[in-house]
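# Geometric and topological summary
Here is how the chains run, residue by residue.
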Amino acid sequence: MRTQSEPTTISEKTLHDMYTMMIRIRKFEEKVAENIINKEITTPCHLYVGQEAIATGVCTALRRTDFVFSTHRSHGHYIAKGGDIKTLMAELYCKATGCSKGNGGSMHIAEPKTGLPGSSAIVAGTIPLSVGAAYSFFLQKKDNVSVAFFGDGAVGEGTFYESLNLASLKKLPVIFVCENNLFSTHMPITACLAGTDIYKKVETFDIPTHKIDGNDVCAVYRAALQVIEDARTGKGPAFLECTTYRWFGHVGPNYDVDKGLRSKEDLEYWMKKCPIKRLERYLIRNNLLSESKKRAIYNKIENEIEEAIAFKNNSSAPSKEQLTRSVFKE
Amino acid sequence: MRKIKYSQAINEALHQLLKKNNKVFLVGQGVTSPWYVGATTVGLLDRFGPQRVFDTPVSENGVTGLAVGAAMAGMRPIVVHPRLDFMYYAMDQIANHAANWHYMFGGQLSIPLTLWGIINRGGEQAAQHSQALQAIFTHIPGLKVVMPSTPYDAKGLLIASVYDENPVVYIDDRWLYNFEADVPEEIFSVEIGKGIIRRRGTDVTIVATSYMVHEALEAAACLEKEGINPEIIDLRTIKPMDKKLLFDSVKKTNRLIIVDAAWKTCGIGAEISATIAETTLLKKLKAPIMRISLPDTPAPASSVLENLYYPDSKDIVSTVKKLLY
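Residues numbered from 1 in each chain as written. Chains lettered and ligands numbered in written order. Predicted model: local features only at pLDDT ≥ 70, side-chain atom pairs only at ≥ 80, totals over all residues. Heavy atoms only, no water.

## Quick look at the sheet that holds strand β4 (residues 174-180) of chain A
All names here are of chain A.
- Taken together, 6 strands build an open sheet; the order of strands is β2-β1-β3-β4-β8-β7 and the sheet is parallel. The open sheet has two edge strands with one neighbour each: β2 (118-119) and β7 (209-213).
- Relative to strand β8 (residues 238-243), β4 is paired through 6 bridges, and the arrangement is parallel. Looking at β8, one finds that Phe176 is bridged to Phe239. (Pairing = 2+ DSSP bridges. Helix = DSSP H or I, 4+ residues; strand = E, 2+ residues; numbered from the N terminus.)

Right, dumping it as structure tokens:
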């Protein structure tokens with residue numbers, strides 16, 4: 001594992017952007033949770049609340065033309081990369097105007113023009129895809145990078161190790177971002193992995209690794225900035241292990257603390273480590289966030305989400321013809 | 001026109017594709033070996049270098065995923081699996097990812113990918129070095145499946161597969177590699193989705209795939225001597241299937257035999273017979289539809305058992321006679 005280099009100074013604008021982005025993801029997911037409880041949204045949603053700093057920190061360090069591959073827990077990555085939340089909301093209602101026209105639902109969202117080629121519900125499924133996109137950039141001599149987000153559960157899949165090996169063999173511009181939220185569905189990491197330091201497994205592939213506090217958006221951003229720059233300049237892949245915790249259960253809007261899966265104390269401990277509150281305290285301490293600025297940010301986000309809800313309200317379900325359309329590209 | 005072998009036709013197609021289009025690359029096990037994929041990749045490494053002729057570790061799912069991801073990012077990869085048996089490892093990337101991607105995101109991204117799988121059987125290689133899996137791929141929405149039987153089609157269908165906007169499973173058979181026939185030197189395509197009549201006849205329609213087309217032609221030569229005149233259809237593309245060609249032929253002959261050297265249950269033969277049975281042609285049939293296939297057993301090693309396992313022209317001849325008399 002590399003030790004952290006000197007902290008890069010993060011501009012005020014970037015700090016504000018990251019703060020706003022984390023709130024956007026949080027508020028979006030809270031609205032989704034509310035509407036699952038209302039039984040309005042029925043597509044299975046794996047919510048990102050608690051993990052916002054990872055998608056935000058990494059994607060803030062990316063360019064629009066870089067690729068981000070996501071998982072079943074996809075909303076945060078999509079939003080952080082700059083995907084349109086109106087079409088995302090419509091997709092969660094499986095509307096024809098959704099970002100996947102209602103064919104994908106929560107687990108399959110894409111916006112290719114924003115560098116979002118899609119998300120897969122198959123654990124570790126997009127990891128080799130991200131290596132392939134990086135191989136394409138390499139062959140075409142583009143200085144884009146490709147990012148694979150995945151959870152600690154993916155570390156149990158063989159394709160993860162195959163992908164690490166291929167990326168390292170060819171020194172490809174791909175960043176592997178493991179969001180270690182300590183649970184693989186209902187299973188704690190200690191019941192899944194023999195050796196829970198994931199970065200140590202990756203080091204053996206001759207890939208630089210960083211273990212990061214995944215609730216510290218600045219730490220994630222700094223590490224991402226460095227490895228992305230390295231990847232762009234031909235130095236090959238990197239691995240970020242970001243420790244975090246999802247507030248909701250594996251799927252849906254419940255906390256799962258009353259089912260014997262995890263303790264209330266653990267959840268409360270991690271809620272105190274909220275990534276948004278953490279950055280907010282830093283901003284206030286450094287006189288970078290006034291109460292009125294904060295209110296303005298929250299108002300802006302709430303308006304965006306209201307617009308997204310209005311957009312889906314004005315949208316129709318897919319037409320019957322869509323059922324068999326687009327199996328193949330004509 | 002000059003005659004070249006089936007394996008040379010594939011080699012020529014690969015050379016021309018890589019030369020013509022810098023989005024095309026070849027990836028998979030053995031692509032830099034002079035023998036691993038039966039001489040089909042000879043000369044490619046020297047001409048195009050190790051980046052576009054990427055010989056890989058044995059990581060079928062990872063390598064196939066790499067090809068799928070590269071296709072998403074603008075390339076037209078060809079990923080080769082020197083034995084279909086090992087392709088099972090890659091089923092997640094083929095069936096869950098490549099096949100679903102266009103539909104799953106509402107048609108936003110297509111996967112122009114050639115999944116080249118080689119049937120490599122016989123020679124006492126046994127159950128894990130012999131399999132023909134066309135039916136499995138044909139079952140999956142979002143995949144096209146082609147099986148060229150001639151050197152001409154081997155070249156033309158490979159080129160068509162690479163230029164298709166969708167994932168195409170291109171299955172060839174090592175037993176075909178030394179067949180020689182006329183092949184144009186220039187780059188050309190054989191349209192995906194079109195079968196061809198290899199022999200015109202009136203008494204019975206024999207639909208065959210891949211290598212079995214040649215066994216069917218041999219059977220026809222025997223039958224002809226006895227005054228029996230079969231029509232032989234080479235399916236060429238398994239999916240999407242050329243149904244019109246089948247219907248027109250069965251309408252004429254009123255008898256149907258399907259010959260596919262793969263397992264019988266839920267196989268290509270089952271699909272074709274059901275396709276005919278769902279039409280009014282069923283009422284006009286003068287005999288039951290027959291399937292010539294592998295028995296529903298794994299491939300044995302013993303050559304004595306192999307001879308029983310793989311159907312040949314003699315099986316076709318006896319089946320035709322059974323239908324006609």
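Picking up after the structure, the text goes on.
## As for the confidence of the model for chain B
- Per-residue pLDDT for chain B averages 97, and the proportion of residues at 70 or more is 100%.
- Across the interfaces of the predicted complex, the ipTM metric reaches 0.95, alongside a pTM of 0.96. (pLDDT = per-residue confidence, 0-100.)

## Considerations on the side chain of Lys312 of chain A
All names here are of chain A.
- One can find Lys312 in helix α12 (residues 291-313).
- Classification of Lys312 by relative accessible area gives buried; the value is 9%.
- At 2.5 Å, the side chain of Lys312 and the side chain of Asn313 are in polar contact.
- Setting aside anything within four residues of it in sequence, one finds Lys312 in contact with Glu40, Met89, Ala90, Tyr93 and Lys95. (Buried < 20%, exposed > 50% of the residue type's maximum accessible area, 1.4 Å probe, protein only. Polar contact = N/O pair within 3.5 Å; in protein donor to acceptor, adjacent residues only side chain to side chain. Contact = heavy atoms within 4.5 Å.)

## Section: the pattern of salt bridges
Residue and element names in this part refer to chain A.
- Under the counting rule described, the total for this entry stands at 33 salt bridges over all chains.
- A salt bridge links Glu241 to Lys211, with the nearest nitrogen and oxygen atoms 3.9 Å apart. Taken as a pair, Glu241 in strand β8 and Lys211 in strand β7 lie far apart in primary sequence, 30 residues in all.
- For Glu241, a relative accessible area of 0% translates into the label buried.
- Lys277 is paired through a salt bridge with Glu280; the nearest N and O atoms lie 3.9 Å apart. (Salt bridge = Lys/Arg side-chain N within 4 Å of Asp/Glu carboxyl O.)

## Description of a nonpolar patch on the surface
Residue and element names in this part refer to chain B.
- Judged by side-chain polarity, Val304, Leu305 and Leu308 come together as a nonpolar surface patch covering roughly 330 Å² of accessible area.
- Turning to its location among the elements, Leu308 is positioned in helix α12 (residues 303-309).
- Residue classification places Leu308 among the exposed positions, given a relative accessible area of 68%. (Patch = residues over 30% accessible without salt bridge, like charges linked within 9 Å, V, L, I, M, F, W, Y side chains within 5 Å. Areas by Shrake-Rupley, 256 points an atom, 1.4 Å probe, with all protein chains shown as cover.)

## Describing helix α5 (residues 91-104) of chain B
All names here are of chain B.
- With respect to burial, α5 is a largely interior element, 10 of its 14 residues being buried.
- Turning to α5, its buried residues number three or more, namely Met91, Asp92, Gln93, Ile94, His97, Ala98, Ala99, Trp101, His102 and Met104.
- Positive backbone phi, approximately 65°, marks Gly106, located one or two places after α5.

## Focus: the sheet that holds strand β2 (residues 24-28) of chain B
Residue and element names in this part refer to chain B.
- With mixed pairing, the 7 strands of this open sheet are ordered in space as β3-β2-β4-β5-β7-β6-β12. The two strands at the open ends of the sheet, each matched to only one other strand, are β3 (53-55) and β12 (237-239). Adjacent strand axes in the sheet meet at a mean angle of 20°, parallel and antiparallel pairs treated alike. (Axes fitted to C-alpha atoms, helices over the stretch in contact; angles between N-to-C directions.)

## A look at the confidence of the model for chain A
- A residue-level look at chain A finds 98% of positions with pLDDT of 70 or above and a mean pLDDT of 95.
- Confidence over residues 2-7 of chain A falls short of pLDDT 50; this stretch has 9 contacts with residues more than four positions distant or in other chains.

## Thoughts on the nonpolar core
- Grouped together as the largest cluster of nonpolar side chains are 85 residues, with contacts concentrated most on Phe150, Phe176 and Phe239 of chain A together with Phe137 and Ile272 of chain B.
- When residues in this core are grouped by element, the largest group, 8 residues, is from helix α5 (residues 126-139) of chain A.
- Beyond its immediate sequence surroundings of up to four residues, Phe239 of chain A is in contact with Phe150, Phe160, Phe176, Cys178, Ile198, Tyr199, Val202, Ile207, Pro208, Thr209 and His210 of chain A.
- In terms of nonpolar packing, the next biggest core, distinct from the first, is built from 73 residues, Ala61, Tyr78, Phe183 and Tyr298 of chain A among them. (Core = buried A, V, L, I, M, F, W, Y, C linked by side-chain atoms within 4.5 Å.)

## Thoughts on the interface of chain B and chain A
- Taken together, the contact between chain B and chain A spans 41 residues of the former and 43 residues of the latter.
- When chain B packs against chain A, close to 3,400 Å² is buried across both sides, 66% of that on carbon and sulfur atoms.
- At the boundary of chain B and chain A, one finds 0 salt bridges.
- Taken together, the connections running from chain B to chain A amount to 17 residue pairs in polar contact (both at pLDDT 80 or more).
- For the side of chain B that touches chain A, the secondary structure elements donating two or more residues are α2 (44-52), α3 (60-72) and α5 of chain B.
- Tallied by class, the residues present in the side of chain B that touches chain A amount to 18 nonpolar, 17 polar and 6 charged. (Buried area = accessible area lost by both parts, 1.4 Å probe. Nonpolar A, V, L, I, M, F, W, Y, C, P; charged D, E, K, R; others polar.)

## Considerations on the environment of Ala220 of chain B
Residue and element names in this part refer to chain B.
- Structurally, Ala220 is set in helix α8 (residues 212-225).
- Looking at Ala220, the relative accessible area reads 0%, which means it is buried.
- Along the primary structure Ala220 and Ala287 are separated by 67 residues, whereas in three dimensions their C-alpha atoms are 19 Å apart.
- Apart from the residues within four sequence positions on either side, Ala220 is in contact with Arg199, Pro230 and Ile232.

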